[in-house]
Amino acid sequence: MQAKEIHLASRPSGEPVPDNFRAVVTELPSLKDGQILVRNIVMSVDPYMRGRMNDVKSYVPPFALDAPLDGGAVGEVIETRNDAFSVGDAVSHGQGWRDIAVVDGNGARKVDLTRAKASSYLGALGMTGLTAYSGLTAVAQFKPGDTVFVSGAAGAVGSLVGQIAKALGAERVIGSAGSPAKVARLLELGFDAAFDYHDGSVKAQLAQAAPDGIDVYFDNVGGEHLEAAIASANKYARFALCGAISQYNATEPTPAPRNLALAIGKELTLKGFIVGSYSHLAGEFSEKMAQWLADGAVEWDETVVDGLENAPRAFIGLLRGENTGKMVVSI
């Protein structure tokens, strides 16, 4: 059987371009014991994938050249040599960027498409939601009554962080975003304040939105946003460092934050995290998120790009901020 795959043709320098990717038709091997064959329905593109396109040592190996990229996907089992899965089962797995995938059974989990649509298991009910929940509760040690600032708040993770914070009793939630429409959406989602970082100094806008300071910062952007959060932080504030999308395409060192010394006197906690270290919270998270979605406390947005061949365009658009909520590709 043949599969269509998107390969990494060359490593980007700065912002990725379409020529960094190549569509390839490949012949799939026969299944081995324990494996399943999955026809993908939808796949995810995520900011962390930009780092994997560089040939550098990190928490996860870089993508190989002239080989398929990978990432979260949901699909239907069409052949199986694993007793735990039947033909017709819907599964989530990590072999995205292709229309048909050979998946080891221990790398897949069944999902219920009568409960929620396929893309939700890449978003609110998937790794994206767990990232938001674990970063806020376990990493930033959120407490009811906290004032929370979220950068990149109209993105997949950020929009959920703000809503979860409100559901858990935040005093005030503030978000930054990259357009007036995104700011308006954050207010619809229950954020108490939001601002467009293009409208002026992030530091000044955050100080205006949080006159009494912030207790928690969930960082998806880095750079100027992190510097502004340090400036507005109350004593003992806790920062969850999830991403730094403002720096992913940088070809030169970025200067901010330039005020890190303030973290000493304010006794701040700045902690980076990877969602895989918090998989033990998956059950707790799933139960709470299912209830929040059911009672309307949390909404989730997605931006859908149709066609596997358009996955590179979706990824490039993600890094440019063209998405509201989760960016997914319908295959």
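In this report, the structure presented in the accompanying data block is examined.

This part covers the sheet that holds strand 11 (residues 214-219). Strands pair in a sheet through their backbones, by hydrogen bonds, and they do so in one of two ways: parallel or antiparallel. Pairing is parallel across the open sheet formed by six strands, whose spatial order is 10-9-8-11-12-13. Strands at the two margins of the open sheet, each flanked by one partner only, are strand 10 (193-196) and strand 13 (269-272). In this sheet, adjacent strand axes meet at a mean angle of 15 degrees when their direction is disregarded. Bridge count between strand 8 (residues 147-150) and strand 9 (residues 172-177): four bridges; the pairing is parallel. Within strand 9, the position partnered with Val150 by the bridge is Gly175. Running over the sheet, helix 4 (residues 180-188) touches strand 9 and strand 10 and is turned about 170 degrees from strand 10.

The next point concerns empty space enclosed by the protein. Under the counting rule described, the total for this entry stands at two cavities of 30 Å³ or more. As a volume, the largest cavity reaches approximately 40 Å³. Lining the largest cavity, in full, are Gly123, Ala124, Thr128, Ala156, Ser159, Leu160, Trp300, Asp301 and Lys326. No other element matches helix 3 (residues 156-167), which puts three residues into the lining of the largest cavity. One number sums up the size of the second largest cavity: a volume of about 30 Å³. Around the second largest cavity, the lining residues are Ala153, Ala154, Ser159, Lys182, Arg185, Leu186, Leu189, Asp301, Thr324 and Gly325. Among the elements that line the lining of the second largest cavity, the one with the most residues is helix 4, at three residues. The residue inventory of the lining of the second largest cavity, partitioned by class, reads four nonpolar, three polar and three charged.

Relative to each other, helix 2 (residues 127-139) and helix 3 sit at 50 degrees, their axes nearing to 8 Å. With respect to helix 3, the axis of helix 2 lies oblique. Of the two possible hands of crossing, helix 2 and helix 3 adopt the one that is right-handed. Contacts between helix 2 and helix 3 involve Thr128, Gly129, Thr131, Ala132, Tyr133 and Leu136 from the former and Ala156, Val157, Leu160, Val161, Ile164 and Ala165 from the latter.

Bringing the environment of Asp104 into the picture now. In this structure, Asp104 sits in strand 6 (residues 100-104). Since its relative accessible area comes to 44%, Asp104 is described here as partly exposed. Taking the C-alpha atoms as reference, Asp104 lies 8.7 Å from Asn82; in sequence the two are 22 residues apart.

The next point concerns the packing of aromatic side chains. Ring pairs (aromatic) are described by centroid distance and by the angle formed between their planes. Tallied over the full model, the rule gives 10 aromatic pairs. Note on Phe21 and Phe315: the rings are 6.4 Å apart at their centroids and 70 degrees apart in plane angle, and the pair reads as edge-to-face. Taken together, the positions of Phe21 in strand 2 (residues 21-27) and Phe315 in helix 9 (residues 311-319) put the pair 294 residues apart, joining distant regions of the chain. Comparing Phe21 with Phe315 shows no difference in burial state: the two are buried.

A few words on the nonpolar core. Counting residues in each nonpolar core, the largest one holds 45 residues, and the members touching the most others are Leu136, Val148, Ile164 and Met289. Elements represented by at least two residues in this core include exactly helix 2, strand 8, helix 3, strand 9, helix 4, strand 11 and helix 8 (282-295). Not counting residues up to four positions away in its chain, the partners in contact with Met289 are Ala124, Leu125, Leu160, Ile164 and Val298. In terms of nonpolar packing, the next biggest core, distinct from the first, is built from 21 residues, Leu8, Met49, Ala311 and Leu319 among them.

In this section: the pairing of strand 10. One ladder, built from four bridges, connects strand 9 with strand 10; its direction is parallel. Paired with Ala177 across the two strands is Asp196, which belongs to strand 10. In this fold, strand 9 hands off to helix 4, which returns the chain to strand 10; that crossover is right-handed.

If a strand is regular, its side chains alternate between the two faces of the sheet. By the criterion of burial, strand 1 (residues 2-8) is predominantly enclosed, with five of the seven residues buried. In this sheet, strand 2 lies alongside strand 1 in antiparallel orientation, the contact comprising seven bridges. Directly across from Glu5, in strand 2, lies its bridge partner Val24.

Another aspect to go through is helix 8. With 14 residues, helix 8 extends 20 Å from end C-alpha to end C-alpha; this agrees with the ideal 20 Å at 1.5 Å per step. Burial in helix 8 covers these residues: Phe285, Met289 and Trp292. Considered in projection along helix 8, the buried side chains sweep an arc of 60 degrees and stay on one side of the axis. With respect to the buried face of helix 8, the exposed residues turned more than 90 degrees away are Gly283, Glu287 and Ala294. The inward-facing, buried residues of helix 8 abut helix 2 and helix 3. Gly296 occupies a position one or two residues after helix 8 and carries a positive phi of about 85 degrees.

About the criteria used
- Residues numbered from 1 in each chain as written.
- Predicted model: local features only at pLDDT ≥ 70, side-chain atom pairs only at ≥ 80, totals over all residues.
- Heavy atoms only, no water.
- Pairing = 2+ DSSP bridges.
- Helix = DSSP H or I, 4+ residues; strand = E, 2+ residues; numbered from the N terminus.
- Axes fitted to C-alpha atoms, helices over the stretch in contact; angles between N-to-C directions.
- Contact = heavy atoms within 4.5 Å.
- 1 Å grid on protein atoms, 1.4 Å probe; cavity = no way out; pocket = protein on both sides within 12 Å on 5 of 7 lines; lining within 4 Å.
- Points joined across faces, edges and corners; volume = space filled by probe spheres on them.
- Nonpolar A, V, L, I, M, F, W, Y, C, P; charged D, E, K, R; others polar.
- Parallel < 35°, antiparallel > 145°, perpendicular 65-115°, else oblique.
- Left-handed = near helix turned anticlockwise from the far one by under 90°.
- Buried < 20%, exposed > 50% of the residue type's maximum accessible area, 1.4 Å probe, protein only.
- Phe/Tyr/Trp six-rings, centres within 6.5 Å; stacked < 30°, edge-to-face > 60°.
- Core = buried A, V, L, I, M, F, W, Y, C linked by side-chain atoms within 4.5 Å.
- Right-handed = clockwise from strand over helix to strand, strands pointing away.
- Expected span 1.5 Å × (residues − 1).
- Arc of directions from axis to C-beta.

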